[in-house]
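Results of the structural survey
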Amino acid sequence: PEELKRILDTQRPIILLDVREGDGFETDCIPGARSVPVDDLLFHLHEFTWAHDIVVYGDSDEQTGQALEILRVANFRKVRVLRGGYRAWRALSP
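Let me begin by describing the structure that accompanies this report.

Conventions adopted
Residues numbered from 1 in each chain as written. Predicted model: local features only at pLDDT ≥ 70, side-chain atom pairs only at ≥ 80, totals over all residues. Heavy atoms only, no water. Helix = DSSP H or I, 4+ residues; strand = E, 2+ residues; numbered from the N terminus. Buried < 20%, exposed > 50% of the residue type's maximum accessible area, 1.4 Å probe, protein only. Contact = heavy atoms within 4.5 Å. Areas by Shrake-Rupley, 256 points an atom, 1.4 Å probe, with all protein chains shown as cover. Polar contact = N/O pair within 3.5 Å; in protein donor to acceptor, adjacent residues only side chain to side chain. Salt bridge = Lys/Arg side-chain N within 4 Å of Asp/Glu carboxyl O.

On to the overall build of the protein. From N to C terminus, the protein includes 4 helices and 4 strands. Each helix and strand of the protein, placed in order from N terminus to C terminus, yields the pattern α-β-α-β-β-α-β-α. Across the 94 residues in the protein, those meeting the buried criterion constitute 38%. Of all intrachain contacts in the protein linking residues separated by at least 6 positions in sequence, the fraction that spans at least 24 positions is 64%. In the structure as shown, the protein presents an accessible area of about 5700 Å², 53% of it carried by carbon and sulfur atoms.

Here we come to the side chain of Thr-64. As for its position among the elements, Thr-64 is in helix α3 (residues 61-73). Of note is the side chain of Thr-64, whose polar atom sits 3.2 Å from the backbone oxygen of Asp-61. The residues touching Thr-64, leaving out its near neighbours within four places in the chain, are Val-19, Val-56, Tyr-57, Gly-58 and Val-81.

Here the focus is the pattern of salt bridges. Inspection of the entire model under this criterion finds 3 salt bridges. Asp-18 is paired through a salt bridge with Arg-20; the nearest N and O atoms lie 2.6 Å apart. Neither Asp-18 nor Arg-20 differs from the other in exposure class; each is buried.

Here's what the structure looks like:
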């Protein structure tokens, strides 16, 4: 979470991908994030390019792992996971 905060502070262009299901995104999210639930991710791959730096986060390691696998199978290589997901971000930014 600290590294992501530094990246966001420098305004380096990244895609921050919130893969949570349900209304989690509407309730609260990391500023600048896009909501693409993991079950819908395949239908949104055309919106990204391989040049994009992508940071994925969700509610669970399983959820973010699924998203990471989908992106890697589609040849996205500049993908990282926010360890601890949204909860870790909230702990950093109460």
